[in-house]
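Close look at the chain arrangement
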Amino acid sequence: MTERGPERSDANATYVFAVCRNPDPSAVAGLPGVTDKAPVSTLSLETLTAIVQTVRACEFTNEAWQARLCDQRQLERYARAHHDVVAAVAACCPTVPLPMATLYQSEERVRDALANEADRFHAALKRIAHHAEWGVKVYVPSCPPDDSNRSTTPADRSRPAPGAGLAYLDRKRGAQERRERRQDEALQAAEAVDAEVRSLATASRRLRLHGPQLAGERRVQVLNATYLVAEHRAAELTLLAQALGERTGAQIELSGPWVPYSFVGEV
Amino acid sequence: MSDVDFRERFSPVSGPQTTNLADILERVLDKGIVIAGDIKIDLLDIELLTIRLRLFVASVDTAKKAGIDWWETDPALSSRASRSALQEENRALRERLEALETHTKDALPKR
């Protein structure tokens, strides 16, 4: 029995980055990929080509990935390595990216497994042909610090004026109302931006909103969405984002063109 | 249509010039085409993971400088931490249950 399992330290596995049509093999030459064991290479399927790399199985087990997912530097390294290969391939031919950490026991297994999925890959290639993915993030300024305590002259704190309690409550109530109004306006801006961008996109998806540590202290993210946009409408999108920013007063960040990661799955 | 025709009309997409890590992660980890690999990688907690990741992805540099490593003991990010957190919770609940049972027994009116 010569079966090689992942428990053997010298066993290999095959990491798959993407599936594409007619790649130029030189597109991935020299890319590091996810390991130094072997170069990134192409693996011919029947009508498609997989972009693969031979890795040490023991470094790509579930346990290894769980550890990686908990270590930001490792995670960043692998995410960027995966993305770099996908982006390089997509720059030369129509490409369906696979999610990070798609692994098979051997190249033969990749052939078998992916050949069964050929229809889905062809459908995905068709869906994203002549399209790119664009991310749109909308931010509004975060609430200024509560000024309800500073609206009167800071008089002698030890002796509050008559009615000071009531006035304090009124100010608090006013601040609360202003905050709610700002939130409503922010959400309306987000919905307006999403609706307008969707009108020129082929498909759209909402992503989770970023928290304050990613968005920054001075602004609140109110929309994080991504759109599949036809190539010939990319310029229109740029202009639209600019116009929407001016009209809504919100800060709009456009990122792209991306390989349509978010639109190759079942939408 | 031949593939050659297709390639001639194909304009390359390579990704934006500036790619921040959060943007990449929410694409490479998130919903793509679902293909079952041979080696089962359990990314079930990815939803939670990315939510938490954003908190530090935001400030990778500052986090690095500050040596922040709270996620290593965060149950959502570490299966080991998750197990021990569950065990700890289980133990605390058992203790509480025991205490309550004893208390109820003592408090029951004697008939």
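Residues numbered from 1 in each chain as written. Chains lettered and ligands numbered in written order. Predicted model: local features only at pLDDT ≥ 70, side-chain atom pairs only at ≥ 80, totals over all residues. Heavy atoms only, no water.

1. Focus: helix α3 (residues 107-115) of chain A
As a reminder, the rule being used: Relative accessibility thresholds used throughout: buried, under 20% of the residue-type maximum; exposed, over 50%; partly exposed, between the two (1.4 Å probe, protein chains only). Helical segments are the DSSP runs of H or I of at least four residues, strand segments are the runs of E of at least two, and each set is numbered from the N terminus. The arc under discussion is defined with respect to the helix axis, by the directions toward the C-beta atoms.
Within the span of α3 of chain A, buried status applies to Val110, Ala113 and Leu114 of chain A. Looking down the long axis of α3 of chain A, one finds its buried residues gathered within 90° of arc, a one-sided arrangement.

2. As for the sheet that holds strand β6 (residues 131-141) of chain A
All names here are of chain A. For clarity, the threshold we go by: In this scheme, strands are said to pair when DSSP sees at least two bridges between them. Working convention: axes come from line fits to C-alpha atoms, limited for helices to the stretch in contact. Angles between N-to-C directions cover 0 to 180 degrees. Note on definitions: a residue-residue contact is assigned when non-hydrogen atoms from the two residues lie within 4.5 Å.
Strand order in the open sheet formed by four strands is β7-β8-β6-β9, with antiparallel pairing between adjacent strands. Strand pairing shows two members of the sheet lacking a second neighbour, β7 (203-206) and β9 (251-258), which therefore form its edges. Strand-to-strand, the axes of this sheet are offset by a mean angle of 20°, without reference to chain direction. Pairing between β6 and strand β8 (residues 219-230): eleven bridges, direction antiparallel. Among the inter-strand pairings, Val136 is bridged to a residue of β8, identified as Ala225. Along the sheet, helix α7 (residues 234-248) contacts β6, β8 and β9; its crossing angle with β9, the most-contacted strand, is approximately 165°.

3. Remarks on the pairing of β8 of chain A
All names here are of chain A. Burial analysis of β8 places eleven of its twelve residues in the buried class, which makes it a mostly covered element. Across four bridges, β7 lies against β8 in antiparallel orientation. Bridging across to β8, Arg206 finds its partner in Ala225.

4. Re the nonpolar core
Quick reminder of the rule: In plain words, nonpolar cores are sets of buried Ala, Val, Leu, Ile, Met, Phe, Trp, Tyr and Cys residues tied together by side-chain atoms within 4.5 Å.
The biggest cluster of nonpolar side chains holds 38 residues, and the ones touching the most others in it are Tyr15, Phe17, Trp65, Met100 and Leu103 of chain A. Among the elements that line this core, the one with the most residues is helix α2 (residues 72-90) of chain A, at eight residues. Each residue touching Leu103 of chain A, except ones within four places of it in the same chain, is listed here: Ala13, Thr14, Tyr15, Val55, Phe60 and Trp65 of chain A together with Gly37, Asp38, Ile39 and Ile41 of chain B. Counting 24 residues, the second-largest nonpolar core is a separate cluster that includes Trp134, Val136, Val140 and Ala186 of chain A.

5. Some points on unusual backbone geometry
Residue and element names in this part refer to chain A. The linkage connecting Gly256 with the following residue, Pro257, adopts the cis geometry, with an omega of 0°. Here Pro257 is to be found in strand β9. Phi is positive for Asn22, close to 50°, though the residue is something other than glycine. Along the polypeptide, Asn22 turns up in the loop between β1 (12-20) and β2 (41-44). Even without glycine at this site, Ala101 takes up a positive phi of about 70°. In this fold, Ala101 is placed in the loop between β4 (95-97) and β5 (103-104).

6. Concerning the packing of aromatic side chains
All names here are of chain A. Note the following rule: Whether two aromatic rings pair depends on their centres lying within 6.5 Å, for rings of Phe, Tyr and Trp, where Trp uses its six-membered ring; planes under 30 degrees apart make the pair stacked, over 60 edge-to-face, and the rest tilted.
Under the counting rule described, the total for this entry stands at five aromatic pairs over all chains. When the centroid spacing of 6.1 Å and the interplanar angle of 70° are considered together, the rings of Tyr15 and Phe60 count as edge-to-face. On the criterion of sequence distance, the pair formed by Tyr15 in strand β1 and Phe60 in the loop between β3 (49-56) and α1 (62-69) is long-range, its members being 45 residues apart. Owing to a relative accessible area of 0%, Tyr15 belongs among the buried residues under this scheme.

7. A look at the side chain of Thr35 of chain A
All names here are of chain A. Operational definition: Between N or O atoms, a polar contact is any pair within 3.5 Å; within protein, one atom must be a potential hydrogen donor and the other a potential acceptor, and residues adjacent in sequence are included only when both atoms are from side chains.
Here Thr35 shows up in the loop between β1 and β2. Exposure remark for Thr35: the relative accessible area of 10% places this residue in the buried category. From its side chain, Thr35 meets the backbone nitrogen of Lys37 in a polar contact 3.1 Å long. Ignoring anything within four residues of it in the chain, the contact list for Thr35 reads Gln53, Thr54, Val55, Arg56 and Glu59.

8. Describing the pairing of β3 of chain A
Residue and element names in this part refer to chain A. Counting buried positions over the eight residues of β3 gives six, a clear majority of the element. Strand direction decides the pairing type here: β1 and β3, joined by eight bridges, are antiparallel. Its bridge partner lying in β3, Tyr15 is registered against Gln53. Between β2 and β3, which pair antiparallel in sequence order, lie four residues.

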